[in-house]
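Structural overview for review
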Amino acid sequence: MYQKLPLIFLLSFLIHSVKSQTVTGQINDESAKSVQFANVTLHRAADSVFVKAALSDEQGRFTLENVAMGRFFVRVTQVGYQRFSSPAFVLNTETPNVNLRSIQLIQDAKNLNEVTVRTTKPFIERQLDKTIVNVENSIVSAGSNALEVLERSPGVVVDQNDNISLKGKQGVMVMINGKPSIIASQDLANYLRGLPANTLEKIEIITNPSAKYDAAGNAGILNLVMKKDQRLGTNGTINLSYGQGVYAKTSEGITFNHRNKKLNLFGNYNFAYRKAFSHLVLDRRFYKDGILDGVFDQDNYITFPFKNHTGRLGADYAVSKKTLIGAVISGLSNRFNPTGDTRTGVLNQDLQLVRYDLNSNRSKENWFNFAINTNLKHTFDSTGRELTVDLDYAHYGNRTDQRFTTEYVDTKGNQLLPTYVLLGDVLGKLDIKSLKADYVHPLPKKAKVEAGLKSSFVRADNDLKYYIGGNEKPVFDPSQSNHFIYDENINAAYVNYAKQFDKVNFQLGLRMEQNNIKGNQLATNITFDSTYTRLFPSAFLNYKFSRKHEWSFSVSRRLDRPSYRQLNPFKFYINNSTYSEGNPYLQPQFTYSFEIAHHYNQQITTTFSYSQTVNNITEVIMPLEGQDKVTVQTNRNLTEFQFWGINISASTQVTKWWNSVNNINTYYSTYKGNVANTPLRNGNANININSNNSFVLGKKGYVAELSVIYRAREIYGFMDVQPTGQVSLGIQKTFWDRKATLKLNGTDLFYTSIGRATVTFKDYVEKFRVNRETRVATLSFSYRFGNNKVQAGRRRSSGVEEEKQRAGNS
């Protein structure tokens, strides 16, 4: 199947070259002045189904290209004007092009509350500076969680250890409503698994952010934008879903919104129960001077039953026409009791079975967080000069009770040693305080200056106590216990200058960040501290060569600080021969990124990229020096990581009922370094393909969606990851005047999303295969109630962006 998938994608990708029709026109107002940026939508005449959209340019002109043959009409909307609908017209071989000439919009004397605009966004949109995944428009995402939606996004890969990479590069900043989730990769993955997809509006993929963003994230930013109802009056949405894989999954939620001219109250609550599994099979071979010394044949099965509650409550108030103030409170509670069992067959150097090690993990975990954001936005005048201020506080906490047992039995099941019981009591706290201010000052002749300041304070306090259990009273084990406190202060300032010409626009930016860090291991009385200041320049240039061709260029310097968990020297035991551990001596990694992109007709984008990262933070699974047949999962700084990539994104209206969005990402990456006495100079060429296709089925509100993903073999540090992919299919029906939607989907239909890899070090080779619950059938229902009038609301980000990301990675 994998051998045929690239050919199938290539054929789909080349369909855009098929001959098609064009619709053009000119939009003016009653005084014959051009109307800029009006929404122009093309609809089928038979059933008014949306086909294609465009915006009028600065001269009021618009073009709709690559239109299939048929009978259509054009609808034009713009705030302050009455809606315009053209007479029906026909596109065929005799009349392949239609010019609607001058369309006149009439000013609307009615209240803006009475204007209704209905458009349909594609699942994937490409803009000059970002790619947008419209989650709420995806059928196969119904009933899924946020992590599963990320995995189906173009260029995004989530590996077997829950690390997120973008276009083949690690170091992605995951933001939620513009605020970084600062917990570690595994904990962030658990948070996203408990976050229902129906709470997401869209995902913004930003590969080369400007100086306005925190310097963290060498691979770019994934910004998860939560839904916020923007309609006047009182309204909301109810969502229900049930999924069945090996285990059942349910999700229930409600979103509400009340808006008048001065006050907007909004909120949501969601509950999700999701039980999933991970089945990991490993073959670990240990060598001494190149000669086999022993083998561990391991089979691990673990289940994760999540009970997740999320809530959000906020308000915006217009103090005056120029000043808005707001506050948002959000919280999450995630309880899960993982149950894991591992059987390890221990073989000697002659591959003879010696004994079995039987491990069990019975834990009770409670992860929670809450955050408060207060904000102010003041517009000084009609030119766009404005000031925004954000004050934030966020608290993350976790309480975990662990119970690990190990039994040693011979090949006949007879006990060889007493049962070993290890009890863990983990208490973690993370507090973040931040103040941020951003100022925008327009200048004459289409120029603009942006500037901002930010200061954040973070304290992480993690207390881990281990006890040796058994039949007697548990005994405290100081050799495995630890108490780690980490304090961090980051002060930042940035400035951006942007200028627009007729065909060229550019932006130059510079960000400065000062870091003050202090760590303290109370159990061993080991402390460390660090202070450094760095500059992060950025530059962006767009050149509109012609109406169909546009070029863009960007360059930036970025860094990735270790997450708080990556720095935490605690030991988290997986079984008696494997544990994970943080590295308090990790250094931040620094990256220079370059991108050149060509945009054709706002449909096909080709991006050439290069990046170089020094002190690359890489997760490794390696033999522990000084201990016999023990492996540790941790992070190390590699000397260098280089990346060359070509990304092609194309949106094609194949027929009047079939729309296809395709993304092909090819790259070559190399790693250099030395870990565990193993020199590394490794890399390979790779290709990732993502195709999303939507089909309009008849005239009764049925729409289907087909998603196909393929990822070729990849080298990640010391790991050689084998190809994987999946096919997902869904169908939806709208009814009750489009207020109700019923969706049925199946993900990973052929169960091909299986992780397989080989890890190679000097005197150690590990091969593993991991199966997860990726094949799930889900039925979901949503109902919109209340007032359906539309008025745009504001989006904002807080000042704790990178800090939340690193907590998410902790």
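These figures come from a predicted structure and were not determined experimentally.

1. Remarks on the overall build of the protein
Within the protein, the secondary structure is distributed over 5 helices and 48 strands. Of all 810 residues assigned to the protein, the portion counted as buried reaches 54%. Partitioning the contacts of the protein with sequence separation of at least 6, the portion at a separation of at least 24 is 67%. Summing over all exposed atoms, the protein offers an accessible surface of approximately 35,800 Å²; the carbon and sulfur share of this is 56%.

2. Considerations on the confidence of the model for the protein
Mean pLDDT over the protein: 83, with 82% of residues reaching 70 or higher. Confidence over residues 110-119 falls short of pLDDT 50; this stretch has 14 contacts with residues more than four positions distant or in other chains. A low-confidence stretch, residues 789-796 (pLDDT under 50), is modelled with 37 contacts involving residues beyond four sequence positions or located in other chains.

3. Digging into the packing of aromatic side chains
Counted under the stated rule, the structure contains 30 aromatic pairs. Look at F484 and Y486: their rings are 6.5 Å apart centre to centre, the planes differ by 35°, and that puts the pair in the tilted class. Judged on exposure class, the residue F484 and its partner Y486 are both buried. Ring pairing ties together the aromatic residues F594, Y610, W644 and Y668, which thus form one cluster.

4. Overview of the pairing of strand β33 (residues 549-560)
Counting buried positions along β33 yields 9 of 12 residues, so the element is predominantly enclosed. Across 7 bridges, strand β32 (residues 526-544) lies against β33 in antiparallel orientation. Within the sheet, the bridge partner assigned to Y543 lies in β33 and is W551. Linking β32 to β33, which pair antiparallel, is a turn of 4 residues. As paired strands, β33 and strand β36 (residues 589-600) are joined by 12 bridges and run antiparallel to one another. By the bridge assignment for β36, R557 is matched with Y592.

5. Looking at the sheet that holds strand β1 (residues 21-28)
Pairing is mixed in the open sheet, where 3 strands are placed in the order β4-β1-β8. Looking at the sheet topology across the chains shown, the edges are occupied by β4 (61-67) and β8 (97-104). Pairwise comparison of adjacent strand axes, ignoring direction, gives a mean angle of 15° for this sheet. Strand direction decides the pairing type here: β1 and β4, joined by 5 bridges, are antiparallel. Looking across to β4, one finds that Q26 is bridged to R61.

6. Topic: the side chain of N348
Within the secondary structure layout, N348 lies in the loop between β23 (339-347) and β24 (353-362). Within polar-contact distance, the side chain of N348 engages the backbone nitrogen of D350 at 2.9 Å. A distance of 2.9 Å separates the side chain of N348 from the backbone nitrogen of Q352, its partner in a polar contact. Not counting residues within four places of it along the chain, the set of residues in contact with N348 comprises D293, G294 and V354.

7. Considerations on the layout of surface pockets
Its volume calculated, the second largest pocket comes out at about 790 Å³. Around the second largest pocket, the lining comprises 36 residues; the ones closest to its centre are P623, L624, E625, G626 and Q627. Elements supplying a minimum of two residues to the lining of the second largest pocket: β20 (263-288), β37 (604-623) and β38 (631-655). Each residue belonging to the lining of the second largest pocket can be placed in one class, and the counts come to 14 nonpolar, 12 polar and 10 charged.

8. Overview of the nonpolar core
Core analysis: the biggest nonpolar cluster contains 52 residues, and Y486, F718, F761 and F768 have the highest contact counts within it. Counting 20 residues, the second-largest nonpolar core is a separate cluster that includes L64, V67, V76 and I103.

9. Some thoughts on the environment of Y408
Assignment of secondary structure puts Y408 in strand β26 (residues 386-409). Remark: the alpha-carbon pair of Y408 and L358, spanning 50 residues in sequence, is separated by 6.5 Å. Setting aside residues up to four positions removed in sequence, Y408 forms contacts with R355, Y356, D357, N414, Q415, L416, L417, P418 and N576.

10. Some words on unusual backbone geometry
Residues other than glycine seldom take positive phi values, yet N615 does so here, at roughly 60°. Here N615 lies in strand β37. Phi is positive for D763, which is not a glycine, with a value near 70°. With respect to the helices and strands, D763 occurs in the loop between β46 (755-761) and β47 (764-772). The exposure class assigned to D763 is partly exposed, which follows from its relative accessible area of 26%.

11. Some points on the pattern of salt bridges
Considering all chains together, one arrives at 18 salt bridges under this definition. Put simply, R399 and D425 hold a salt bridge, and the shortest N to O gap is 3.2 Å. Taken together, the residues span a long stretch of sequence, with R399 in strand β26 and D425 in strand β27 (residues 415-443) at a distance of 26 residues. Look at the salt bridges and you will find they share partners, linking D293, D628 and K629 into a network.

12. Thoughts on a nonpolar patch on the surface
A contiguous nonpolar patch, built from L541, Y543, F545, W551, F553, Y592, F594, I596, F608 and I646 and spanning about 890 Å² of accessible area, is present on the exposed surface. Elements represented by at least two residues in the nonpolar patch include exactly β32, β33 and β36. If one sorts the elements of the nonpolar patch by residue count, β36 sits on top with 3 residues. Relative to the assigned elements, F545 resides in the loop between β32 and β33.

13. A closer look at the pairing of β23
Where strand β21 (residues 291-318) and β23 come together, 9 bridges link them in antiparallel fashion. Looking at the pairing, V295 lines up with L347 of β23. Sheet topology places β23 next to β24; 9 bridges connect them, and they run antiparallel. Counted as the bridge partner of R343 is L358 from β24. The antiparallel pairing of β23 with β24 creates a hairpin that spans 5 residues between the two strands, and L351 there sits at a positive phi of about 65°.

14. Some words on the environment of D529
Here D529 shows up in strand β32. By relative accessible area, which is 61% here, D529 ends up exposed. Separated by 41 residues in the primary sequence, D529 and E488 place their C-alpha atoms 9.6 Å from one another. Beyond its immediate sequence surroundings of up to four residues, D529 is in contact with I517 and K518.

15. Looking at the environment of L427
Checked against the element boundaries, L427 lands in strand β27. For the pair formed by L427 and H483, sequence separation is 56 residues and the distance between their alpha carbons is 9.6 Å. If we ignore the near neighbours within four places in the chain, the residues touching L427 are N398, R399, D461, N462 and D463.

Cut-offs used in this document
- Residues numbered from 1 in each chain as written.
- Predicted model: local features only at pLDDT ≥ 70, side-chain atom pairs only at ≥ 80, totals over all residues.
- Heavy atoms only, no water.
- Helix = DSSP H or I, 4+ residues; strand = E, 2+ residues; numbered from the N terminus.
- Buried < 20%, exposed > 50% of the residue type's maximum accessible area, 1.4 Å probe, protein only.
- Contact = heavy atoms within 4.5 Å.
- Areas by Shrake-Rupley, 256 points an atom, 1.4 Å probe, with all protein chains shown as cover.
- pLDDT = per-residue confidence, 0-100.
- Phe/Tyr/Trp six-rings, centres within 6.5 Å; stacked < 30°, edge-to-face > 60°.
- Pairing = 2+ DSSP bridges.
- Axes fitted to C-alpha atoms, helices over the stretch in contact; angles between N-to-C directions.
- Polar contact = N/O pair within 3.5 Å; in protein donor to acceptor, adjacent residues only side chain to side chain.
- 1 Å grid on protein atoms, 1.4 Å probe; cavity = no way out; pocket = protein on both sides within 12 Å on 5 of 7 lines; lining within 4 Å.
- Points joined across faces, edges and corners; volume = space filled by probe spheres on them.
- Nonpolar A, V, L, I, M, F, W, Y, C, P; charged D, E, K, R; others polar.
- Core = buried A, V, L, I, M, F, W, Y, C linked by side-chain atoms within 4.5 Å.
- Salt bridge = Lys/Arg side-chain N within 4 Å of Asp/Glu carboxyl O.
- Patch = residues over 30% accessible without salt bridge, like charges linked within 9 Å, V, L, I, M, F, W, Y side chains within 5 Å.

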